[in-house]
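# Structure at a glance
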Amino acid sequence: MQKDVVEQVLNHPKYAALVKGRTRASMIFFSLTLVIYAGFILTMAYLPDVFARPLGPDWTMSVGLCVGLLVACSAVILIALYVYFSNKWFDPLLAEIVRDVQ
């Protein structure tokens with residue numbers, strides 16, 4: 001019984017679309033995260049003077065602190081976007097697959 005359900009899901013055409021969409025979305029979000037974090041780390045490693053500068057002439061906050069906060073905020077934004085896409089497209093598609101298989 002269990003093997004039949006798994007086989008039906010794997011052979012379902014909407015399941016292939018679900019896997020393709022999730023893979024594409026995951027790779028896009030992974031690439032964005034990689035660029036953001038790698039850019040931050042590489043800048044910190046090879047151009048530390050950039051992060052040591054103050055934001056303005058009379059500012060005490062450095063560029064590094066501001067960029068670090070932006071990196072942390074970007075993580076929250078990317079997570080929120082992935083959850084939005086997941087709830088909007090992936091979850092309804094999964095519900096259709098479950099409905100069709102049962």
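Residues numbered from 1 in each chain as written. Predicted model: local features only at pLDDT ≥ 70, side-chain atom pairs only at ≥ 80, totals over all residues. Heavy atoms only, no water.

### Considerations on the pattern of salt bridges
Counting across every chain of the model gives 2 salt bridges. Across the salt bridge formed by Glu96 and Lys14, the nearest N and O atoms sit 2.6 Å from each other. You can see Glu96 sitting in helix α4 (residues 63–101) and its partner Lys14 sitting in helix α2 (residues 13–46), a full 82 residues away along the chain. The class for Lys14 is partly exposed, based on a relative accessible area of 30%. Close ionic contact of Lys14 with Asp100 constitutes a salt bridge, the shortest N to O distance being 3.9 Å. Highlighted residues: Lys14 in helix α2 and Asp100 in helix α4, separated in sequence by 86 residues. Each of Lys14, Glu96 and Asp100 takes part in salt bridges that share partners, so that together they form one network. (Salt bridge = Lys/Arg side-chain N within 4 Å of Asp/Glu carboxyl O. Helix = DSSP H or I, 4+ residues; strand = E, 2+ residues; numbered from the N terminus. Buried < 20%, exposed > 50% of the residue type's maximum accessible area, 1.4 Å probe, protein only.)

### Looking at the nonpolar core
Residues Leu18, Ala25, Phe90, Leu93, Ile97 and Val101 constitute the largest nonpolar core, which totals 6 residues. Contributions of two or more residues to this core are made by α2 and α4. It is α4 that contributes the most residues to this core, 4 residues altogether. When neighbours within four sequence positions are excluded, Ala25 is seen to be in contact with Tyr82 and Phe90. (Core = buried A, V, L, I, M, F, W, Y, C linked by side-chain atoms within 4.5 Å. Contact = heavy atoms within 4.5 Å.)

### Brief notes about the UniProt feature "transmembrane region" (unreviewed entry) in the protein chain
The positions UniProt marks with the feature "transmembrane region" (unreviewed entry) are residues 27–47 and 59–85. Span residues 59–85 is 85% helix and 0% strand, its end C-alpha atoms 39 Å apart. (UniProt positions renumbered as here; feature names shortened; annotations may be inferred.)

### Points about the environment of Gly64
The topology assignment puts Gly64 in helix α4. Given a relative accessible area of 15%, Gly64 falls into the buried group. As a C-alpha pair, Gly64 and Pro48 span 16 residues in sequence and 8.6 Å in three-dimensional space. Setting aside chain neighbours within four positions, we find Gly64 in contact with Phe40 and Phe51.

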